[in-house]
Amino acid sequence: MTHKVLVLGAGYAGLVAAKRLARQVHGDEVSVTLVTACADFVERPRLHQLATGQAIERVPVAQYLRRSSVELVVGSVVGIDLEERTVTTVQDDESRLMPYDTLVYALGSNIDVDGVPGVAAHAWSLVGTDVAAQVCTQLRVLARQNGQVAVCGGGLTGIEIAAEVAECFPALRVTLVSGTRPGAWLSPRAQAYLARTFEALGVTVRTGAHVREVRPDELALDDGDRVPFELCLWAGGFRVPPLARVSGLAVNSQDRALVDGTLESVSHPGVYVIGDAAAVTGAWGSQLAMGCRTGGFTGPKAADIIAARLTGREPRQFRYRYIHECISLGRRHGLIQFLNADESPKPVVLTGRKAIAYKNATLNGAKTLFRHPGPALPRRGHLTLKADLTHAGRAQA
Ligand SMILES: Cc1cc2nc3c(=O)[nH]c(=O)nc-3n(C[C@H](O)[C@H](O)[C@H](O)COP(=O)(O)OP(=O)(O)OC[C@H]3O[C@@H](n4cnc5c(N)ncnc54)[C@H](O)[C@@H]3O)c2cc1C
C-alpha cells in the first residue's frame with residue numbers, strides 16, 4: 001500500500017519539503033501531495049515592491065514541481081481531522097476529503113489585523129498579490145495629491161514598506177509609526193545607517209506611543225496624539241491562522257505548533273510542522289522568528305527527517321542558527337546585519353546597493369532551492385520503504 005504524505009502550504013517551507021521528500025523516496029511506495037490555496041508561489045518578501053509598482057516574478061507552483069513526482073492540489077484547507085487522518089479542502093465550492101499517513105503542516109502566517117481596533121476596516125496590509133496591486137493603485141492616485149501615508153509597525157516589514165513607498169513615491173509624505181524605535185535591536189552602526197536613510201528618503205519616524213485605534217483618516221495613539229493619513233499601511237506583526245489550534249495540535253500562545261527536535265508535533269506523531277506555523281527552538285534556546293529563512297531551513301530538514309524515518313533510519317535533530325538579517329530600504333539602500341550565535345547583532349554590517357544585491361541573492365537562492373531541492377541527495381532507487389510510519393505503526397514500534 002502506498003504511504004500518503006500530504007504537505008499543506010506551498011510557501012518557503014512546504015514547497016521545498018514536498019519536492020525534496022519526493023526525490024528521496026520511491027513514487028510507487030510513497031506518494032507526496034502538495035496542497036495550496038494559491039496556484040502561484042507568493043514571494044511575500046517582495047509584496048512591498050509590487051505595492052509600489054515594481055514588477056515581481058510570478059511563478060506557478062506547478063512550474064517548480066516539473067520533473068518531480070509531487071502531485072499538486074490547488075484548494076483551501078478548511079479542516080484537519082487528526083484522529084481520522086484526513087484533510088478537507090475546498091476549491092470552487094467543491095469540497096474534497098484527502099486521507100494521509102504523514103502530514104506536513106506549512107500554512108505559514110499572515111499580518112495580524114485583529115489586534116488593534118479599526119485595522120481591518122481602515123488600514124491596508126500586504127497579505128497577498130491582489131491587495132498589493134490595489135495598494136499600488138491607491139498610492140499612485142495619492143502621490144498626485146502629495147498625500148500622507150502612515151505605515152504602522154517598526155519591525156522589519158514596516159521598515160521595508162516605509163522605505164520602499166518613500167523611495168518610489170517621493171511626493172508622498174510618509175510617517176512610520178512605532179511604539180519602540182524601529183530597528184532598536186540592530187547594532188549602533190546599523191541603527192545610524194537606518195536613521196540616515198530614513199532622513200534621506202524623507203520618512204518621518206514617530207516613536208514612543210502605540211497605536212490604540214485606526215480611524216478612517218487618523219491613528220489614535222495611546223499618548224493621546226493623533227497621526228492623520230490618507231492611506232494607512234499596517235505591519236503590526238504576523239499571526240499564525242488558528243487552524244492548527246482548532247484542529248487539536250498543541251500550540252503556544254501565538255498559535256504556533258509545538259514541535260520536538262525532529263519538527264514533529266509534540267501532541268500528534270506523524271504530523272510535522274514547519275515554517276512560520278511552527279514554534280521551533282533555535283540553537284540559542286529561543287524560538288525562531290517568523291521569516292522565510294525559517295521556512296527555507298525547516299522545509300528541507302523535515303523532508304530529510306521523514307525520508308529517514310520512512311527508510312528505517314534515525315533522523316538527525318534539527319539545529320539551526322541565524323547568521324544575518326537582510327533588510328531592504330528601497331532599491332538603492334539596504335542593510336545586512338550579521339548576527340552572533342546568540343542572535344545578538346555583530347558590529348559588522350553591509351549597507352547600500354551591495355546590501356540590496358546580497359538580499360536579492362538570498363531571496364533568489366531560496367527559489368533556486370525550489371527548483372533544485374538538493375543536488376547531493378541520494379537518488380531514488382537507493383532508498384526503500386522499510387518502516388511503517390502510520391500512527392499505529394509508530395505506536396507499536
Ligand atoms: C511585506 C512582507 C515582507 C517580508 N519580508 C521578509 C524578509 O525580508 N525576510 C524574511 O525572512 N521574511 C519576510 N517576510 C516574512 C516571510 O514572507 C514569511 O515569514 C514566510 O513567507 C513564511 O514562510 P512559510 O512557508 O512558513 O509560509 P508562507 O510563505 O506564508 O506560505 C504559506 C503557504 O500556505 C498556503 N496557505 C495558507 N493558508 C492556506 C489554506 N487554508 N489552505 C491552503 N493553502 C494555504 C499559502 O497559499 C502559501 O502557499 C515578509 C512578509 C511580508 C508580508
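Residues numbered from 1 in each chain as written. Predicted model: local features only at pLDDT ≥ 70, side-chain atom pairs only at ≥ 80, totals over all residues. Heavy atoms only, no water.

A few words now on the domain arrangement of the chain. As far as domains go, the chain holds domain 1 (3-109 + 240-322 + 386-396) and domain 2 (111-234). On a C-alpha basis, the centres of domain 1 and domain 2 stand 32 Å from each other. Taken together, the contacts link 10 residues of domain 1 with 15 residues of domain 2. Contact between domain 1 and domain 2 buries roughly 1100 Å² in total, counting both sides, with carbon and sulfur atoms accounting for 67%. On the domain 1 side of the contact with domain 2, His48, Ala51 and Thr52 bury the most area, a combined 47% of that side's loss. For the pair domain 1 and domain 2, the number of links is 0 salt bridges. At the junction of domain 1 and domain 2, the tally comes to 1 residue pair in polar contact (both at pLDDT 80 or more). Classifying every residue of the side of domain 1 that touches domain 2 by side-chain character gives 4 nonpolar, 5 polar and 1 charged. (Domains from an automatic or database assignment. Contact = heavy atoms within 4.5 Å. Buried area = accessible area lost by both parts, 1.4 Å probe. Salt bridge = Lys/Arg side-chain N within 4 Å of Asp/Glu carboxyl O. Polar contact = N/O pair within 3.5 Å; in protein donor to acceptor, adjacent residues only side chain to side chain. Nonpolar A, V, L, I, M, F, W, Y, C, P; charged D, E, K, R; others polar.)

Below, the discussion takes up empty space enclosed by the protein. Counted under the stated rule, the structure contains 3 cavities of 30 Å³ or more. There is about 60 Å³ of room inside the largest cavity. In terms of lining residues, the largest cavity is bounded by Pro45, Arg46, His48, Gln49, Ser328, Arg331, Ile356, Lys359, Asn360 and Leu363. For the lining of the largest cavity, the secondary structure elements donating two or more residues are α2 (47-51) and α10 (352-371). It is α10 that provides the largest number of residues to the lining of the largest cavity, a total of 4 residues. A breakdown of the residues in the lining of the largest cavity according to their chemical character gives 3 nonpolar, 4 polar and 3 charged. (1 Å grid on protein atoms, 1.4 Å probe; cavity = no way out; pocket = protein on both sides within 12 Å on 5 of 7 lines; lining within 4 Å. Points joined across faces, edges and corners; volume = space filled by probe spheres on them. Helix = DSSP H or I, 4+ residues; strand = E, 2+ residues; numbered from the N terminus.)

On to the packing of aromatic side chains. To describe a pair of aromatic rings, one takes the distance between the centres and the angle between the planes. All told, the structure shown has 9 aromatic pairs when counted by the stated rule. Taking the centre distance of 4.8 Å and the plane angle of 65° together, the rings of Phe41 and Phe370 count as edge-to-face. Linking Phe41 in strand β3 (residues 40-41) with Phe370 in helix α10, this pair joins segments that are 329 residues apart in sequence. This pair shows no difference in class: Phe41 is buried, exactly as Phe370 is. Relative to Tyr320, the ring of Phe318 has its centre 6.2 Å away and its plane inclined at 45°; by these criteria the two rings are tilted. Summarising the burial analysis for this pair, Phe318 and Tyr320 share the class buried. Among the aromatic residues, those joined into a cluster by ring pairs are Tyr12, Phe41, Tyr64 and Phe370. A cation over an aromatic ring shows up here: Arg44 above the ring of Phe238, its NZ or CZ 5.1 Å from the ring centre. Sitting above the plane of the Tyr322 ring, Arg293 keeps its charged end 3.9 Å from the centroid. (Phe/Tyr/Trp six-rings, centres within 6.5 Å; stacked < 30°, edge-to-face > 60°. Buried < 20%, exposed > 50% of the residue type's maximum accessible area, 1.4 Å probe, protein only. Lys NZ or Arg CZ within 6 Å of the ring centre and 35° of its normal.)

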